[in-house]
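What follows is the residue order along each chain.
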Amino acid sequence: MELELRERLRRYYTTYYRDTLGIPGWPTLVDLREREESQERAHLDRLRQVVAPSALAGRVLNVGCGTGGFNAVAAEAGIRIVGVDADPEAIGICAAKRRRAGGAFVHAEAERLPFGDGSFDLVHCFSVIEHVASVEATVAEMARVTRRGGVIYVHTPNAWSWWEGHYKVFWTPFLPAPLARTYLRLRGRPTAYLATLRRLTVSRLRRAFARVGVTDITFHDDTPARESVGPLRVMTGAYYRLTGASPFIELVARRP
């Protein structure tokens, strides 16, 4: 079973990193994904820093759980977590992991969550909301299934960033789609995946939450820029300092 699970993970992420994104160093990324739980422990530690312990003590929903690495780590820590993802193959891999790590997984889209109102104490959405068909519908659904007084955690790349974290390339903020496709072609990269990406801003997320009556939002801006170690680190570092922009948007919203 473990061998079959590893092979499924490797096929899944080989397709993603090599075929969909065309990343030159894709074998290294696939190897890391095979051990994704070891990386997700740091993610859980970060979540514990920014949300109250009571939120993690209740029921948790992971919107866009992918292949279940975070869910496995959370379940191991005793957290009652449910994962939901729109990708049937990802959910199939989660089902295989469930036999080892526990937890529950559901195949569904973020815009139509199959849970009752107020079902969860914490709704978690990491690097997913930039992919959904409707940001506003997804925020509305996350708020709906969160209990009153519960919290919603969202982490997503900032449109003002000089880094595109999926393709793992330097990126000009608000680069028009035709120029973005040309840029990727010049780098020998496939371009179809661009249609699934929405580079979001703080103001757009504020408006999406305000539409459903959620205005108590705390933003955290201490995540380091991915390009801070690259050849343009001096330029981008100055950009972030002078503009006050953050490479990522990380927020905790409390439902009234």
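What comes next is a walk through the structure. Just so we're clear, the structure is a prediction, and the values are computed from it rather than from any experiment. (Residues numbered from 1 in each chain as written. Predicted model: local features only at pLDDT ≥ 70, side-chain atom pairs only at ≥ 80, totals over all residues. Heavy atoms only, no water.)

**Some remarks on the overall build of the chain**
Move 1: Broken down by element type, the chain carries 10 helices and nine strands.
Move 2: When its C-alpha atoms are laid out on the principal axes, the chain stretches across 45 × 45 × 30 Å.
Move 3: Counting every position in the chain, which comprises 256 residues, the buried fraction comes to 49%.
Move 4: Relative to all contacts within the chain whose residues are 6 or more apart in sequence, the contacts with residues 24 or more apart total 69%.
Move 5: As displayed, the chain has an accessible area near 12,200 Å², and 55% of this comes from carbon and sulfur atoms.
Move 6: For the chain, the distance from the average position of its 36 positive side-chain charges to the average position of its 27 negative side-chain charges is 3 Å. (Helix = DSSP H or I, 4+ residues; strand = E, 2+ residues; numbered from the N terminus. Buried < 20%, exposed > 50% of the residue type's maximum accessible area, 1.4 Å probe, protein only. Contact = heavy atoms within 4.5 Å. Areas by Shrake-Rupley, 256 points an atom, 1.4 Å probe, with all protein chains shown as cover. Lys, Arg positive; Asp, Glu negative; His and termini not counted. Charge placed at Lys NZ, Arg CZ, Asp CG, Glu CD.)

**Notes on helix α5 (residues 69-76)**
Move 1: In terms of residue burial, α5 counts as a mostly covered element, since seven of its eight residues are buried.
Move 2: Burial in α5 covers these residues: Gly69, Phe70, Asn71, Ala72, Val73, Ala74 and Ala75.
Move 3: Once α5 finishes, Gly78 follows within two positions and takes phi at roughly 90°, a positive value.

**As for the state of the cysteines**
Move 1: All chains considered together, the criterion is met by zero disulfides.
Move 2: A disulfide-free cysteine, Cys65 has its sulfur positioned 4.0 Å from the sulfur of Cys94, the nearest such atom. (Disulfide = S-S within 2.5 Å.)

**Quick word on empty space enclosed by the protein**
Move 1: A complete count under the given rule lists one cavity of 30 Å³ or more for this structure.
Move 2: Lining the largest cavity we find Glu130, Pro157, Glu164, His166, Leu197, Arg198, Arg199 and Leu200.
Move 3: Split by residue class, the lining of the largest cavity holds three nonpolar, one polar and four charged. (1 Å grid on protein atoms, 1.4 Å probe; cavity = no way out; pocket = protein on both sides within 12 Å on 5 of 7 lines; lining within 4 Å. Points joined across faces, edges and corners; volume = space filled by probe spheres on them. Nonpolar A, V, L, I, M, F, W, Y, C, P; charged D, E, K, R; others polar.)

**Points about the side chain of Thr146**
Move 1: The residue Thr146 is located in strand β5 (residues 146-157) in this model.
Move 2: The buried category is assigned to Thr146, whose relative accessible area is 0%.
Move 3: In terms of polar contacts, Thr146 uses its side chain to reach the backbone carbonyl oxygen of Met142, at 2.6 Å.
Move 4: Filtering out sequence-adjacent residues up to four positions away, Thr146 remains in contact with Gly118, Phe120, Asp121, Val123, Val151, Ile152 and Arg255. (Polar contact = N/O pair within 3.5 Å; in protein donor to acceptor, adjacent residues only side chain to side chain.)

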